[in-house]
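Here are the chains, one letter per residue:
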Amino acid sequence: MFESLQPMPADAILGLIVEHKEDPRAEKIDLGVGVYRTAEGETPVLHVVKQAERRLVDSQDSKAYLGTAGNPSFNSAMQSLTFGQAEAADRMLTVQTPGGSGSLRVAAGLILRARDSATVWVSDPTWNNHVPLLGGAGLLLEPYPYYDGETHEIHIDAMLEALRAAPKGDLVLFHACCHNPSGLDPSEEQWRQITDVVVERELLPFIDMAYQGFANDLDTDAFAVRHMASRVPEMIVSTSCSKNFGLYRERVGSLSFLVADRDTRDTLASQVSSYVRTLYSMPPDHGAAVVSSVLHDAALRERWIVELGAMRNRLREMRELLHGALKEKAPSHDFSHLVRATGMFCFLGISVEQVGRLKKDFGVYMVDSSRINVAGITPGNVEYLAESIAAVL
Ligand SMILES: Cc1ncc(COP(=O)(O)O)c(C=O)c1O
């Protein structure tokens, strides 16, 4: 049976990991893969996660099935983390999902159940798994302009124009903060303008929040979600705890819907449940139980906020260090977008050929688009990195 299958091209980022690993040069740098790393190049388990896990081992007395929606106390904590003190809680449904990817996938299935011709507008560019994941599930996707590679700014006018021209009822996928790959987000004023168009055109916002707490504090990063939730009758929000809790492999995320009324919410809950039952039956428990115990315990929550702040600050400092070093080594080039961007990613803004030379001549690895993961920069490698970049300009 399987001899008929053709090999698939390797995932560009996973391929880079292997190449970097096999590179014998001591000074090599990995700016490819999308995980947070410390200045020592590690992705450790957060202290607060370890603490919550220890408590869990001692207190958990059953591993019996929990159900399609996962852990109810995780779901209520995630709903508050996402929406704050929302007035419309009785029009909301939140379920636990296997990571942010699982959340996006379940959302896609429910959108298709509700309207099989649904079109989702996605930013150009967007996270490299959005299109395969949502398109692969059967959704029709259309791009809207987002990032201007020349000026390294958001194309806000072109974006608003495209949204104004989108057919009523279409969905628009937004990144709540730390836009992946550009690192550039709309300002609060621009989010208000975007929301005006969404309301005017009766579009349905579908927000992916995979980096809450990585650009700013948790509430500031949720601005787009909360502002839209106060203005639109319906919306969808996918969240991930992979980055802000460092729980990547545990697969923790949530999916929230805001709908017209309580009856619709109840019907939707039954639809989500039946959909999940046939897809993966129920989400994995451990990571969500950890998150729930952190969010429901004031001391643990405080500790988490401090650890999250330390990750955010390190990313910001590394952007500033690289920008400073590039100003010295390549004074005729403007890299100020490095410090205007937030979160883990941004584009360096160099050609594929220059990316290739960085890899070949200097052992500096990044994806062809020149998107870099700032977490790969350390005080120890930044000078070498800036010299290498200057050498290929
Ligand atoms: C924009 C965006 N959305 C969703 C995800 C999914 O994260 P996960 O499925 O690992 O929770 C990622 C991960 O890199 C992402 O960058």
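Structure: above.
Residues numbered from 1 in each chain as written. Predicted model: local features only at pLDDT ≥ 70, side-chain atom pairs only at ≥ 80, totals over all residues. Heavy atoms only, no water.

Visitor: Residue-level account of helix H2 (residues 47-59), with values.
Guide: Here H2 contains 13 residues, and its C-alpha end-to-end distance of 19 Å stays within 8% of the 18 Å for a straight helix at 1.5 Å per residue. Every buried residue belonging to H2 is among Val-48, Val-49, Ala-52, Glu-53 and Leu-56, and all of these are buried. For H2, the arc enclosing every buried residue in end-on projection is 135°, short of the 170-degree limit, so these residues lie on one face. Exposed residues lying more than 90 degrees from the buried face of H2 are His-47, Arg-54, Val-57 and Asp-58. Among the structural elements, helix H11 (286-295) and helix H12 (298-329) are those in contact with the buried residues of H2. (Helix = DSSP H or I, 4+ residues; strand = E, 2+ residues; numbered from the N terminus. Expected span 1.5 Å × (residues − 1). Buried < 20%, exposed > 50% of the residue type's maximum accessible area, 1.4 Å probe, protein only. Arc of directions from axis to C-beta. Contact = heavy atoms within 4.5 Å.)

Visitor: Explain the sheet that holds strand E2 (residues 92-97) to me, and be specific about the residues and the numbers.
Guide: Overall, mixed pairing links the seven strands, which are arranged E2-E10-E9-E8-E7-E3-E4 in an open sheet. Looking along the sheet, the strands with just one partner apiece sit at the ends: E2 and strand E4 (140-145). Averaged over all neighbouring strand pairs, the angle between strand axes comes to 20°, with direction disregarded. Pairing geometry for E2 and strand E10 (residues 253-258), over six bridges, is antiparallel. Considered in E10, the bridge of Gln-96 is made with Ser-254. Lying on the sheet, helix H6 (residues 156-165) is in contact with E4 and strand E7 (171-175); it crosses E4 at an angle near 145°. (Pairing = 2+ DSSP bridges. Axes fitted to C-alpha atoms, helices over the stretch in contact; angles between N-to-C directions.)

Visitor: Lay out the packing of aromatic side chains with the relevant residues and their values.
Guide: A complete count under the given rule lists six aromatic pairs for this structure. When the centroid spacing of 6.3 Å and the interplanar angle of 55° are considered together, the rings of Tyr-144 and Phe-174 count as tilted. Pair noted here: Tyr-144 is in strand E4 and Phe-174 is in strand E7, with a separation of 30 residues, a long-range link. Look at Phe-174 and you get buried, because its relative accessible area is 1%. Ring geometry for Phe-174 and Trp-191: centres 5.6 Å apart, planes at 80°, overall edge-to-face. A residue pair is termed long-range when its members are at least 10 positions apart, and Phe-174 in strand E7 and Trp-191 in helix H7 (residues 188-200) qualify at 17 residues. Through successive ring pairs, a cluster of aromatic residues spans Tyr-144, Phe-174 and Trp-191. (Phe/Tyr/Trp six-rings, centres within 6.5 Å; stacked < 30°, edge-to-face > 60°.)

Visitor: Give a detailed account of the nonpolar core, specifying residues and quantitative values.
Guide: Core analysis: the biggest nonpolar cluster contains 97 residues, and Phe-174, Ile-194, Met-235, Trp-304 and Leu-322 have the highest contact counts within it. With nine residues, the single largest contributor to this core is H12. With residues near it in sequence (within four places) discarded, Leu-322 still touches Leu-338, Ile-372, Ile-377, Val-382, Leu-385, Ala-386 and Ile-389. By size, the runner-up hydrophobic cluster in this structure holds 28 residues, among which are Leu-112, Leu-139, Leu-173 and Tyr-275. (Core = buried A, V, L, I, M, F, W, Y, C linked by side-chain atoms within 4.5 Å.)

Visitor: Give a detailed account of the side chain of Arg-371, specifying residues and quantitative values.
Guide: Position of Arg-371 relative to the elements: it lies in strand E13 (residues 371-373). The side chain of Arg-371 is buried and forms no salt bridge, while Asp-30, the nearest opposite charge, is found at 8.3 Å. For Arg-371, the side chain forms a polar contact with the side chain of Asn-180, separated by 2.9 Å. Sequence-distant contacts of Arg-371, that is, excluding residues within four places in its chain, are made with Ile-13, Leu-31, Gly-32, Gly-34, Asn-180, Pro-181, Phe-345, Cys-346, Phe-347 and Met-366. (Lys, Arg positive; Asp, Glu negative; His and termini not counted. Salt bridge = Lys/Arg side-chain N within 4 Å of Asp/Glu carboxyl O. Polar contact = N/O pair within 3.5 Å; in protein donor to acceptor, adjacent residues only side chain to side chain.)

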